[in-house]
Structures are given as C-alpha cells and as structure tokens.
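For reference, the chains in residue letters:
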Amino acid sequence: MDELKCPICGEPTYVYYGNPRKDRLCKTHGTMANKGLIEQCPDCGKWHKTDETCECKQTKQPEPKPEKQENELTCIICGQPSNGKHFCLDCWKKYKNKTLYIQVKNCQDCITMGAEYEGHLETKDGHIVKSHVERDIDNYLFSKNIPHAYESTFDVDGNPEHEFQPDFYLPNYLGENEDVYIEYFGMKGTKDGDRKINYKMPIYREKKVTLICLYPHDDSKIEAVLKRKLNKENIKPHEINWEE
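All figures in this text were calculated on a predicted structure; none of them were measured in a lab.

What counts as what
- Residues numbered from 1 in each chain as written.
- Predicted model: local features only at pLDDT ≥ 70, side-chain atom pairs only at ≥ 80, totals over all residues.
- Heavy atoms only, no water.
- Pairing = 2+ DSSP bridges.
- Helix = DSSP H or I, 4+ residues; strand = E, 2+ residues; numbered from the N terminus.
- Contact = heavy atoms within 4.5 Å.
- Axes fitted to C-alpha atoms, helices over the stretch in contact; angles between N-to-C directions.
- Salt bridge = Lys/Arg side-chain N within 4 Å of Asp/Glu carboxyl O.
- Buried < 20%, exposed > 50% of the residue type's maximum accessible area, 1.4 Å probe, protein only.
- Core = buried A, V, L, I, M, F, W, Y, C linked by side-chain atoms within 4.5 Å.
- Phe/Tyr/Trp six-rings, centres within 6.5 Å; stacked < 30°, edge-to-face > 60°.
- Parallel < 35°, antiparallel > 145°, perpendicular 65-115°, else oblique.
- Left-handed = near helix turned anticlockwise from the far one by under 90°.
- Nonpolar A, V, L, I, M, F, W, Y, C, P; charged D, E, K, R; others polar.

(A) View of the sheet that holds strand β9 (residues 180-184). With mixed pairing, the five strands of this open sheet are ordered in space as β7-β8-β9-β10-β11. The two strands at the open ends of the sheet, each matched to only one other strand, are β7 (149-150) and β11 (240-241). Alignment of β7 against strand β8 (residues 168-170), held across two bridges, turns out to be antiparallel. Among the inter-strand pairings, Y150 is bridged to a residue of β8, identified as F168. On the sheet, helix α3 (residues 132-143) packs against β7, β8, β9 and β10 (211-214) and is oriented at approximately 15 degrees with respect to β8.

Laid out in structure tokens, this is it:
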C-alpha cells in the first residue's frame, strides 16, 4: 500500500483510532476541513479555500440547476404530497411541538457518519460540534461559566496514532490539577460506537482519569442530568462515573 500523505502538503495522513482519514488530509488540514475553511472540488478532486473558486471552474460558467416544481416534494413522515414542503399539513399539525429524530437508512447523497464525521453545529461560545446533544452540553457548560474544551487531544503514550479526542475536557474542575472529562456515548450499541468505548475505557481506567459518562437516554433531560452529574459532591475523583 502506498504511503498515506496529505494531498495538500505531503505530510502524513492523520490517523484516528487506527484509521487514516479517507480524504488523506494531515492533522492541520483535517482541522481546517472540519471548520469549513477548505473543501474538496467534486469535479477535479483538488482542495481549495472555501471562499475561493477552484481553479478548474475559474474559466467555466456554472450550469444552472433546474428548478424543482413545488409538487415534487413529499412529506418525509408519511410520504404524501406536501406542496413543496418537508411535511404535509396533517403531519405538521401533529408534530409541530415535538422533537423528531430521523434515521437515514439509504441515501446515495449522504456521507456515512463514522470516524470521519465532521462537526457542523456552532455553540454559543463558538465551538463547532457534531451533534445537537453535544451542542446542548457545550451551551450548558458555557452558561454555568465552566471552562471547557471540545475534543482536545488526549495523549495516551506519546504516539499520535494512539491519541484520541474526549468530547469535553474541564481543566481544574475539582481543584488544582484535578481535571474532569466528559464523554457522550451517543452511538452506544452500534459497531463504531462500541469500538470507541472499548478503546477508550481501559485507557481512562489505567490513567485514573476522572470521567463523567453520558448516554442517549440522557438526551431528553440533558440539563437536569448535567446538573446532577457535574455536582462536585457526586463525582468520584480518578474514577469512571456513571458507567453503564
């Protein structure tokens, strides 16, 4: 197999949980891609700054996209005609005050959310996170003036291939040099989610990390759960707290 190198600068491709990035970007350019500063041209495959036009298009005029007729869209819940809306009138009335979770089972235009799943949601303090629950967690920490970092690198043994990014890092939360980490295991029960849990947990135990665990069943009451689990009197230092 050819040596994996960044197509932009030639530096080694960033490896995440033992898996190299599919786009072969190095850590620096991967971070830029995560933040939306650079993008890959779908036509020629070259990378360029998001606010600039790719070289291959600078001499071409983009072809106009055909407009969709209003009646082409159907309700994403019941499949009935929706007059150009994502929901028909009946489903909108039924679910307008509810939170809907949609599972994509077969989409040719979607990107699989695995190790390369990139963040796209902005929090109140400017962090770019990967899920609505992570955004709620970050916003809660910000509202309570709790210093925190999102996906800061956890150095396991000095080997970049072994490092990983805990969801949240709370420096000195329990006192001087008494840091706390938060992991939201939102994909628990899936192959990729369980693989990450099985990789991280032994390391947290070995390093005697103070860890707070959150799970999908916490989603609907995340603020109440955070208030309880972040209560310093409830946290056992240097242990994994609320593991399932």
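Now that the structure has been shown, we can carry on.
(B) Broad picture of the pattern of salt bridges. In total, this model carries eight salt bridges according to the counting rule given. The salt bridge partner of R21 is D23, with a shortest N-O separation of 2.8 Å. Taking the relative accessible area as the measure of exposure, R21 reaches 7% and is therefore buried. Overall, D23 belongs to the partly exposed group, its relative accessible area being 23%. K229 is paired through a salt bridge with D218; the nearest N and O atoms lie 3.5 Å apart. Taken as a pair, K229 in helix α5 (residues 222-229) and D218 in the loop between β10 and α5 lie far apart in primary sequence, eleven residues in all.

(C) Structural context of the nonpolar core. In this structure, I137, L170, L214 and L230 are the most contacted members of the largest nonpolar core, which totals 21 residues. For this core, the secondary structure elements donating two or more residues are α3, β8, β9, β10 and α5. Considering each element in turn, this core owes the most residues, four residues, to α3. With near-sequence residues (within four places) excluded, L170 lies in contact with L141, I146, P147, H148, D179, V180, I182 and L230.

(D) Layout of the environment of S152. Within the secondary structure, S152 sits in the loop between β7 and β8. When the C-alpha positions of S152 and D167 are compared, they lie 7.7 Å apart, and in sequence the two are 15 residues distant. In this view, S152 contacts F164, Q165, P166 and Y169; residues no more than four positions away in its chain are not counted.

(E) Looking closely at the packing of aromatic side chains. Throughout the structure, instances matching the rule amount to nine aromatic pairs. Between F154 and F164, the ring centres sit 5.1 Å apart and the planes meet at 15 degrees, which makes this aromatic pair stacked. Taken as a pair, F154 in the loop between β7 and β8 and F164 in the loop between β7 and β8 lie far apart in primary sequence, ten residues in all. Residue classification places F164 among the buried residues on the basis of a relative accessible area of 0%. Summarising the aromatic geometry, the rings of F185 and Y215 are spaced 5.6 Å apart at their centres and angled 40 degrees between planes, so their arrangement reads as tilted. Of this pair, F185 sits in the loop between β9 and α4 (191-206) while Y215 sits in the loop between β10 and α5, and the two are 30 residues apart along the sequence. In this structure F185 comes out as buried when scored by relative accessible area, which is 6%. Classification of Y215 as buried rests on a relative accessible area of 1%.

(F) Representation of the packing of α3 against α5 in the model. Close contact between α3 and α5 brings their axes to 10 Å; oriented N to C, the two are set at 50 degrees. As the angle between them shows, α3 and α5 are arranged oblique. Considering the relative orientation of α3 and α5, their crossing is right-handed. In contact with V133, D136, I137 and Y140 of α3, α5 contributes I222, E223, L226 and K227. Partitioned by chemical class, the residues of the contact of α3 with α5 number five nonpolar, no polar and three charged.

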